Amino acid sequence: MDSSILIELIAFLVIGFRIYILSSFKVNSVLDKMFALYTLKNYSPFLGYTVLFYMEIILIAQYYILGTLDIGLLFLAVIDIFMQYKNIFISVVTRDKQMFLDTIIKTNFQTLTKDEYYHISDELNKPQPLWKLYSTELIVFVFVVWTAELH
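Everything numeric in this text was worked out from a predicted model, so none of it was measured.

About the cut-offs
Residues numbered from 1 in each chain as written. Predicted model: local features only at pLDDT ≥ 70, side-chain atom pairs only at ≥ 80, totals over all residues. Heavy atoms only, no water. Helix = DSSP H or I, 4+ residues; strand = E, 2+ residues; numbered from the N terminus. Buried < 20%, exposed > 50% of the residue type's maximum accessible area, 1.4 Å probe, protein only. Contact = heavy atoms within 4.5 Å. Areas by Shrake-Rupley, 256 points an atom, 1.4 Å probe, with all protein chains shown as cover. Lys, Arg positive; Asp, Glu negative; His and termini not counted. Charge placed at Lys NZ, Arg CZ, Asp CG, Glu CD. Core = buried A, V, L, I, M, F, W, Y, C linked by side-chain atoms within 4.5 Å. Axes fitted to C-alpha atoms, helices over the stretch in contact; angles between N-to-C directions. Parallel < 35°, antiparallel > 145°, perpendicular 65-115°, else oblique. Left-handed = near helix turned anticlockwise from the far one by under 90°. Nonpolar A, V, L, I, M, F, W, Y, C, P; charged D, E, K, R; others polar. Phe/Tyr/Trp six-rings, centres within 6.5 Å; stacked < 30°, edge-to-face > 60°. Polar contact = N/O pair within 3.5 Å; in protein donor to acceptor, adjacent residues only side chain to side chain.

1. Description of the overall build of the protein
Line of reasoning, step 1. Counting its secondary structure elements, the protein contains nine helices and zero strands.
Line of reasoning, step 2. Summarising its shape, the C-alpha atoms of the protein cover approximately 55 × 30 × 25 Å along the three principal directions.
Line of reasoning, step 3. Sorting the 151 residues of the protein into buried and exposed places 38% on the buried side.
Line of reasoning, step 4. In the protein, of all internal contacts separated by at least 6 residues, the share reaching a separation of at least 24 is 69%.
Line of reasoning, step 5. Taken as a whole, the protein presents about 9,000 Å² of accessible surface, with 68% of it coming from carbon and sulfur.
Line of reasoning, step 6. Distance between charge centres in the protein, computed from 11 positive and 14 negative side chains, equals 9 Å.

2. Overview of the nonpolar core
Line of reasoning, step 1. The biggest cluster of nonpolar side chains holds 23 residues, and the ones touching the most others in it are Met 34, Phe 100 and Leu 124.
Line of reasoning, step 2. Elements represented by at least two residues in this core include exactly helix H1 (3–24), helix H2 (30–43), helix H3 (45–52), helix H6 (97–108) and helix H7 (114–125).
Line of reasoning, step 3. The greatest single-element share of this core, amounting to seven residues, is contributed by H2.
Line of reasoning, step 4. The residues touching Leu 124, leaving out its near neighbours within four places in the chain, are Ser 29, Val 30, Leu 31, Met 34, Leu 101 and Ile 105.
Line of reasoning, step 5. By size, the runner-up hydrophobic cluster in this structure holds 15 residues, among which are Ala 11, Tyr 54, Ala 61 and Val 144.

3. Brief notes about the packing of H6 against H7
Line of reasoning, step 1. One way to put it is that H6 packs onto H7 with a least axis distance of 11 Å and a crossing angle of 120°. Viewed along their axes, H6 and H7 adopt a mutual orientation that is oblique. Seen along the crossing, H6 lies across H7 with a hand that is right-handed. Contacts from Gln 98, Leu 101, Asp 102 and Ile 105 in H6 reach Tyr 117, Ile 120, Ser 121, Leu 124 and Asn 125 in H7.
Line of reasoning, step 2. A breakdown of the residues in the contact of H6 with H7 according to their chemical character gives five nonpolar, three polar and one charged.

4. Observations concerning the packing of aromatic side chains
Any aromatic ring pair is given by two values, namely how distant the centres are and how the planes are angled relative to each other.
Line of reasoning, step 1. The final tally for this structure, using the stated rule, is 10 aromatic pairs.
Line of reasoning, step 2. Judged by centre distance (6.1 Å) and plane angle (25°), the rings of Tyr 49 and Phe 89 are stacked. In this pair, Tyr 49 sits in helix H3 while Phe 89 sits in the loop between helix H5 (71–87) and H6, placing the two residues 40 residues apart along the sequence.
Line of reasoning, step 3. Here Tyr 49 falls in the partly exposed class, since its relative accessible area comes to 35%.

5. A closer look at unusual backbone geometry
Line of reasoning, step 1. The residue Lys 26 is not glycine, and still its phi comes out positive at about 60°.
Line of reasoning, step 2. Checked against the element boundaries, Lys 26 lands in the loop between H1 and H2.
Line of reasoning, step 3. Assessed through its relative accessible area of 60%, Lys 26 is described here as exposed.

6. Points about the side chain of Asn 87
Line of reasoning, step 1. Tracing the backbone shows Asn 87 in helix H5.
Line of reasoning, step 2. When its relative accessible area of 6% is taken as the criterion, Asn 87 is described as buried.
Line of reasoning, step 3. Within the structure, the side chain of Asn 87 is placed 2.9 Å from the side chain of Asn 108, a separation counted as a polar contact.
Line of reasoning, step 4. If we ignore the near neighbours within four places in the chain, the residues touching Asn 87 are Met 34, Phe 100, Ile 104 and Asn 108.

Here it is, written out as C-alpha cells:
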C-alpha cells in the first residue's frame, strides 16, 4: 500500500470516527457540538481526547509515514487547540448544558447586557445544517488529501 493512501485512510477513519461519535450525541447546533466534546473529555477521557485531538493524530501520522508536516493543517490545529482551551477545558464540571452555556459566555465576554447574552445564547443554540457543523472536519480531510497527493 502506498504511503499517501495509508495517510488518507488514517485521516478518513479518524475523521469518520469523530463525526460518528459527535452524531451519536444528536449534535444540531454549535452549543451541542461544544457540549458533546466537553462531556466526552470529562466523562470518557480516552475517547474524548482522541476525538478532541484528531488533527494532531493526523499530523503525527503524516509526519511519521510521509516525513512531511502540513503547515495548513498545523495552523488549523493551533486554532483548534486555542478554541478548545477557551471553551472545552474549563474549570466547571457539569452535566447541565445551560450551566455550560452560562460558563462559556461569561468566560468569553466580560461585560454583557441581558439582550446581548440572549442574542449570543440564541446564536449558539440555533440549529445548523450538518455541513456547517462538520465543515472543519471536511477542511481537514481536504488538507490531508492535498498534502498526501502532493507528496
